[in-house]
Amino acid sequence: MTAAGHSSPVNGLPATEADPPAPLRARRRSRKVLGDPTPLACTVAKAAMEALLGGAALDPYARWIEPGVFGQLARQRSLARRAGLSGGTAVGVRRARVFRVSRDAAEVSVVVDDGEHCRAIAMRLEDVTGRWLVTEMHVG
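These notes cover the structure that comes with them. (Residues numbered from 1 in each chain as written. Predicted model: local features only at pLDDT ≥ 70, side-chain atom pairs only at ≥ 80, totals over all residues. Heavy atoms only, no water.)

A few points about the packing of helix H2 (residues 38–52) against helix H3 (residues 67–82)
The angle between the axes and the distance between the axes are what describe a pair of packed helices.
For step 1, the next point in the chain: The interhelical angle for the contact between H2 and H3, taken along N-to-C directions, is 35°, at an axis separation of 7 Å. Only Leu73, Gln76, Arg77 and Ala80 of H3 make contact with H2, whose side of the interface consists of Ala48, Ala51 and Leu52.
For step 2, the next point in the chain: Broken down by class, the residue content of the contact of H2 with H3 amounts to five nonpolar, one polar and one charged. (Axes fitted to C-alpha atoms, helices over the stretch in contact; angles between N-to-C directions. Helix = DSSP H or I, 4+ residues; strand = E, 2+ residues; numbered from the N terminus. Contact = heavy atoms within 4.5 Å. Nonpolar A, V, L, I, M, F, W, Y, C, P; charged D, E, K, R; others polar.)

Concerning the pairing of strand S4 (residues 131–139)
For step 1, the next point in the chain: Both strand S3 (residues 118–128) and S4 contribute to a ladder of eight bridges, which runs antiparallel. In the sheet register, Val128 faces S4, and the bridge partner there is Arg131.
For step 2, the next point in the chain: Remark: two residues form the turn of the hairpin made by S3 and S4, two consecutive strands paired antiparallel; Thr129 in that turn has positive phi of roughly 50°. (Pairing = 2+ DSSP bridges.)

Looking at the pattern of salt bridges
For step 1, the next point in the chain: Counting across every chain of the model gives four salt bridges.
For step 2, the next point in the chain: Salt-bridge contacts for Arg94 lead to Asp113; the nearest nitrogen and oxygen are separated by 3.0 Å. A residue pair is termed long-range when its members are at least 10 positions apart, and Arg94 in strand S1 (residues 92–102) and Asp113 in strand S2 (residues 105–113) qualify at 19 residues.
For step 3, the next point in the chain: With a closest N to O distance of 2.9 Å, Arg124 and Glu107 form a salt bridge. Of this pair, Arg124 sits in strand S3 while Glu107 is found in strand S2, placing the two residues 17 residues apart along the sequence.
For step 4, the next point in the chain: Assessed through its relative accessible area of 24%, Arg124 is described here as partly exposed.
For step 5, the next point in the chain: Look at the salt bridges and you will find they share partners, linking Glu107, Arg124 and Glu126 into a network. (Salt bridge = Lys/Arg side-chain N within 4 Å of Asp/Glu carboxyl O. Buried < 20%, exposed > 50% of the residue type's maximum accessible area, 1.4 Å probe, protein only.)

Here it is, written out as structure tokens:
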């Protein structure tokens with residue numbers, strides 16, 4: 001590393017941190033673009049809302065939820081259970097909208113209905129190791 005924070009030049013051109021090494025660029029291009037994230041987003045949104053109402057745990061969905069988001073949802077479920085909520089309410093998905101912000105990321109808004117209220121859930125899904133992963137989730 002030089003004093004400017006860049007690695008030593010290769011072929012007379014300085015490497016920048018914005019440009020990954022050629023093997024990483026080639027790997028990134030060769031990966032297949034993931035399909036529509038809507039079904040996964042709807043399933044995770046419904047399960048998250050049920051958990052926030054004191055219902056079943058999210059353990060079956062841990063593979064598709066980033067650990068920090070998963071921990072936050074688990075804490076909220078625990079608080080709901082302590083408050084006496086049992087999660088007997090059926091949750092349905094009314095609408096979902098997906099916006100692909102890049103090749104490897106999508107932002108989704110889902111409207112869920114728990115019988116008494118309609119709530120909005122916003123989430124960001126990213127391509128992580130060839131599968132969609134919920135990296136952000138906000139429940140309104």
